[in-house]
Amino acid sequence: MRNYSSVFIGIVDILGYNSFEQTIVKYGQESSSALIKRMFDFLDGNTSVYNENCKDVHWIRYGDGYVSYSKTNNVKNLSRMIEDASKLIALALSSSIPLRIAITQGDIKIDVLKENGVSITGSGWNDLRKLEKSLDWMGGWLYLPGYDGYHHSTVINLI
């Protein structure tokens, strides 16, 4: 787990995601999965470009949105996050994907393991949880990469 002190951390929320997910279920699981995959492929493509262009700011998928964070508290990283976030909002809107983005500053501990998902905690994360209430169910610790919006047996076991 990596510790970052007083860094910039942001959350990207896809507005209406739960409603979208509930609406497309009527098309069947295969069609629904294809629509969700298309949306995330678009967003993943853009955030991966941001990761390639700047090694001090990272964008990762987390739940039904994204998290961005800087490795240092250099204000240039904040400028970069705001610039990339603005581009992402504009590009997503052009594809009818409404986004909301919040950025704050604080300490975070983050662990990214491909097979186990992403774990995030710290004061910066707690501040974001105040801004984005849907993060509360995750408790700042758990993201299951295979969770597709349906009742995942691991989630049921944790509850």
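Anything mentioned here points back to the structure above.
What counts as what
- Residues numbered from 1 in each chain as written.
- Predicted model: local features only at pLDDT ≥ 70, side-chain atom pairs only at ≥ 80, totals over all residues.
- Heavy atoms only, no water.
- Pairing = 2+ DSSP bridges.
- Helix = DSSP H or I, 4+ residues; strand = E, 2+ residues; numbered from the N terminus.
- Axes fitted to C-alpha atoms, helices over the stretch in contact; angles between N-to-C directions.
- Contact = heavy atoms within 4.5 Å.
- 1 Å grid on protein atoms, 1.4 Å probe; cavity = no way out; pocket = protein on both sides within 12 Å on 5 of 7 lines; lining within 4 Å.
- Points joined across faces, edges and corners; volume = space filled by probe spheres on them.
- Nonpolar A, V, L, I, M, F, W, Y, C, P; charged D, E, K, R; others polar.
- Salt bridge = Lys/Arg side-chain N within 4 Å of Asp/Glu carboxyl O.
- Parallel < 35°, antiparallel > 145°, perpendicular 65-115°, else oblique.
- Left-handed = near helix turned anticlockwise from the far one by under 90°.
- Polar contact = N/O pair within 3.5 Å; in protein donor to acceptor, adjacent residues only side chain to side chain.

Before going further, it helps to examine the sheet that holds strand β1 (residues 2–14). The strand order across the open sheet built from five strands is β2-β3-β1-β4-β5, with neighbouring strands paired in antiparallel fashion. In this open sheet, the two edge strands, each paired with only one partner strand, are β2 (57–62) and β5 (117–121). When strand polarity is set aside, the average angle formed by the axes of neighbouring strands in this sheet is 45 degrees. The sheet contact formed by β1 and strand β3 (residues 65–70) spans five bridges and is antiparallel. Note that in β3 the partner of I11 across the bridge is V67. Relative to the sheet, helix α2 (residues 29–53) contacts β1, β2, β3 and β4 (99–113), its axis offset from that of β2 by approximately 160 degrees. Of the strands in this sheet, β1, β2, β3 and β4 touch helix α3 (residues 75–94), which is tilted by about 120 degrees from β4.

Here we come to the layout of surface pockets. There is about 220 Å³ of room inside the second largest pocket. As for the second largest pocket, its lining consists of 13 residues, of which F20, M39, S95, S96 and I97 are closest to the centre. With four residues, the top contributor of residues to the lining of the second largest pocket is α2. Per-class residue counts for the lining of the second largest pocket are nine nonpolar, three polar and one charged.

Another point: the pattern of salt bridges. By the definition in use, this model includes five salt bridges. Residue K87 is joined to E83 by a salt bridge in which the shortest nitrogen-to-oxygen separation is 3.2 Å. With K87 and E83 both in helix α3 and four residues apart, the pair spans about one turn of that helix.

Put simply, α2 and α3 touch, their axes get as near as 11 Å, and they point 155 degrees apart. Accordingly, the angle class assigned to the pair α2 and α3 is roughly antiparallel. Between α2 and α3 the crossing geometry is right-handed. Contacts between α2 and α3 involve F42, L43, N46, T47, Y50 and N53 from the first element and R80, D84, K87, L88, L91 and A92 from the second.

Tracing the backbone through its elements, the reader meets H58 in strand β2. A polar contact of 3.4 Å, which involves the side chain of H58, links it to the backbone oxygen of K55. Excluding residues within four positions of it along the chain, H58 makes contact with N51, V67, S68, Y69 and K71.

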